[in-house]
Amino acid sequence: MSFLLPCPFCGPRPAEEYAYFGEVTRRPPRSADGEPPPLRELTDYIYFRDNVAGRQREWWQHRSGCGEWFLAERDTRTNEILEISLPEPAGGAA
């Protein structure tokens, strides 16, 4: 099933122009004393996804267009695009 996905830079384009990189996840944090998260938590983070039937935030890249990465909130049941946003810049001191 094809659908239109609006690139924030190029406008609406067929989904076939994009690469899908999965749902937005959060890396498990380090412990208070700076130790890395347990291996089980890291394994779940890397290999397992919620795969919801409904609203989901996802990573997309406009491969056949401008090449830019963005986030889309999509209803996975209908492919309706609910919101498009650009990722926040990574924090840190320069």
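Whatever comes next refers back to the structure up there.
What this report covers is the structure whose coordinates are included nearby. (Residues numbered from 1 in each chain as written. Predicted model: local features only at pLDDT ≥ 70, side-chain atom pairs only at ≥ 80, totals over all residues. Heavy atoms only, no water.)

1. Thoughts on the sheet that holds strand 5 (residues 69-75)
Taken in spatial order, the 4 strands of this open sheet run 3-4-5-6, and their pairing is antiparallel. If you trace the sheet from one side to the other, it starts and ends with strand 3 (19-23) and strand 6 (80-85), each paired once. The mean inter-strand angle of the sheet, taken between neighbouring strand axes irrespective of direction, is 35°. Judged from the 5 bridges that link them, strand 5 and strand 6 form a sheet pairing that is antiparallel. Its bridge partner being in strand 6, Asp 75 is matched across the sheet by Glu 80. (Pairing = 2+ DSSP bridges. Helix = DSSP H or I, 4+ residues; strand = E, 2+ residues; numbered from the N terminus. Axes fitted to C-alpha atoms, helices over the stretch in contact; angles between N-to-C directions.)

2. Considering the environment of Tyr 18
For Tyr 18, the position within the fold is in the loop between strand 2 (11-14) and strand 3. A sequence separation of 45 residues divides Tyr 18 from Arg 63, and the C-alpha atoms of the two residues are 5.2 Å apart. Among all residues touching Tyr 18, those that are not within four sequence positions of it are Leu 5, Pro 6, Cys 7, Gly 11, Arg 13, Trp 60, Gln 61, His 62, Arg 63 and Phe 70. Within the structure, the side chain of Tyr 18 is placed 3.2 Å from the backbone nitrogen of Cys 7, a separation counted as a polar contact. (Contact = heavy atoms within 4.5 Å. Polar contact = N/O pair within 3.5 Å; in protein donor to acceptor, adjacent residues only side chain to side chain.)

3. A look at the layout of surface pockets
Computed from the structure, the largest pocket encloses a volume of approximately 220 Å³. Around the largest pocket, the lining residues are Val 24, Thr 25, Arg 26, Arg 57, Trp 59, Leu 71, Ser 85, Leu 86, Pro 87 and Glu 88. Broken down by class, the residue content of the lining of the largest pocket amounts to 5 nonpolar, 2 polar and 3 charged. (1 Å grid on protein atoms, 1.4 Å probe; cavity = no way out; pocket = protein on both sides within 12 Å on 5 of 7 lines; lining within 4 Å. Points joined across faces, edges and corners; volume = space filled by probe spheres on them. Nonpolar A, V, L, I, M, F, W, Y, C, P; charged D, E, K, R; others polar.)

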